[in-house]
Amino acid sequence: MSYNKPRPRPQQSQSIAQKPYHLIPLPKDKPQLQHPKGQDQYYRDRVHGRLHLKLTVQTGLHVSTGVIALGTDVGQKSIPLIKTMIQGSEGQLIIPGSSLKGVVRSTYEAITRSCLCKTKAKPNQIPPGYQECRDKTQLCPACRVFGALNWQGLIQFSDAECESTEFRPGFMPSLYRPRPHEYPGYFNQGKVAGRKFYYHTIRAIDKGEQQGISVQQAVKSFGFTTSLPYRNLTQAELGTLLIVLGQDTQQAIALKVGGGKPIGMGTMTVEVTSVEPVENIRDRYLSYLTQSQPLTGKPLQQFIQQAIQAAHRELVQSQPLQELVKVLGYPTDREPPEGMY
């Protein structure tokens, strides 16, 4: 099996509709810069706590380590070589916290008045006012929450561990490098026109062992668990995070994680199983026995909805969110692209 198969160039005549992604337009108003709250203390007018999450795979998930192993090394005797995922001490697949943070942050940026952070676009292709935040005293909404140069964020992302120690091999087709010049709407007067997101699809393309590149993957219905500690967020910032995690029932979206996004891979839905809010900060540090009571059931749903309502009032941009729902809305009946894209 070869990992250097020839990749024919896509036909330049293909229409925009055939692309597996869409650009979410930048908000009309430039990034909203404010002085951020740090982690030097717990502020009484902010919210603190921990979200407990379960992420469920809907289409094949592969977060590559960049390492190709012998199939026999991962229990696949019939496969000579396989691209691997990170595994825990008990053999369970793991999604690195950094991968989750990148996915969540990019979506958070898209629905708020935030800068274009960590983009591959050249500096002269960034619209005026959307350059990455560099002054830690004046940060955009996403940088205030997730961090910026010389500034620590207010949410901690840890690895998500699979509930099962199993995995299934998948066989990805060869993917093409990005070709923005072949997408007419990619640039507007030489500046990037928006943020790029790949559509969810009902399934992922699998080319089979004879044609595809073998990968270690989690398949549909596999569950991953993790938790997100947060501190010094406004209620609107927490609500925006919950919208990104798909908790707005009126505009439900799913995450797109890992490799193979153009062919439908990486769709994951999120369930907030409980929240541990920190309400009495003083007592928390005066006694080892003081613990927050986790919210579940109806109190949890009320907590989530109150935060989401604050997000819509104060922070979330309606038009970009509507555009994003067209791409990341889930469930979907969209088919993955066949052939070249």
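When its secondary structure is counted, the protein chain shows 6 helices and 16 strands. Here the C-alpha radius of gyration of the protein chain, 21 Å, is about what a compact globule of 341 residues would show, namely 20 Å. With the principal axes as the frame, the protein chain shows a C-alpha extent of 60 × 50 × 35 Å. Buried residues in the protein chain amount to 49% of all 341 residues. Element-wise, carbon and sulfur atoms account for 48% of the exposed surface of the protein chain, whose accessible area totals about 17300 Å². Taking the 40 positively charged and 26 negatively charged side chains of the protein chain as two groups, their mean positions are separated by 8 Å.

What follows deals with the nonpolar core. Core analysis: the biggest nonpolar cluster contains 71 residues, and Leu 51 and Phe 224 have the highest contact counts within it. If one sorts the elements of this core by residue count, helix 5 (residues 297-314) sits on top with 7 residues. Apart from residues no more than four positions distant in its own chain, Leu 51 is found in contact with Thr 226, Ser 227, Leu 228, Tyr 230, Leu 238, Leu 241, Leu 242, Leu 245, Ser 274 and Val 275.

Right, let's get into the environment of Gly 260. Its place among the elements puts Gly 260 in the loop between strand 15 (255-256) and strand 16 (267-277). Taking relative accessible area as the criterion, Gly 260 reaches 6% and is therefore assigned buried. Taking the C-alpha atoms as reference points, Gly 260 and Pro 173, separated by 87 residues in sequence, lie 8.8 Å from one another.

So, on to the sheet that holds strand 8 (residues 160-162). Taking strand neighbours across the sheet as the criterion, the 6 strands line up as 5-8-14-2-16-15 in an open arrangement whose pairing is antiparallel. Each of the sheet's edge strands pairs with one partner strand only, and the pair in question is strand 5 (94-95) and strand 15.

As a further point, take unusual backbone geometry. With an omega of 10°, the peptide bond between Tyr 330 and Pro 331 qualifies as cis. By the secondary structure assignment, Pro 331 is in the segment after helix 6 (318-328). A positive phi angle is found at Lys 118, which is not glycine, with a value near 55°. If you trace the backbone, Lys 118 turns up in the loop between helix 1 (97-110) and helix 2 (141-146). Within the chain, Ser 221 stands out as a residue other than glycine whose phi angle is a positive 80°. Looking at the element boundaries, Ser 221 is found in the loop between strand 13 (213-217) and strand 14 (223-233). Exposure remark for Ser 221: the relative accessible area of 56% places this residue in the exposed category.

With that settled, the discussion passes to the pairing of strand 13. The two faces of the sheet receive side chains in turn, since in a regular strand these alternate between them. Here strand 13 lies mainly inside the structure; 5 of its 5 residues are buried. Where burial is concerned, the two faces of strand 13 agree: the one with Ile 213, Val 215 and Gln 217 and the one with Ser 214 and Gln 216 are both buried. Pairing geometry for strand 9 (residues 168-172) and strand 13, over 5 bridges, is antiparallel. Pairing of Phe 171 across the sheet is with Ser 214, part of strand 13.

What counts, and at which threshold
- Residues numbered from 1 in each chain as written.
- Predicted model: local features only at pLDDT ≥ 70, side-chain atom pairs only at ≥ 80, totals over all residues.
- Heavy atoms only, no water.
- Helix = DSSP H or I, 4+ residues; strand = E, 2+ residues; numbered from the N terminus.
- Rg over C-alpha atoms; globule rule 2.2 N^0.38 Å.
- Buried < 20%, exposed > 50% of the residue type's maximum accessible area, 1.4 Å probe, protein only.
- Areas by Shrake-Rupley, 256 points an atom, 1.4 Å probe, with all protein chains shown as cover.
- Lys, Arg positive; Asp, Glu negative; His and termini not counted.
- Charge placed at Lys NZ, Arg CZ, Asp CG, Glu CD.
- Core = buried A, V, L, I, M, F, W, Y, C linked by side-chain atoms within 4.5 Å.
- Contact = heavy atoms within 4.5 Å.
- Pairing = 2+ DSSP bridges.

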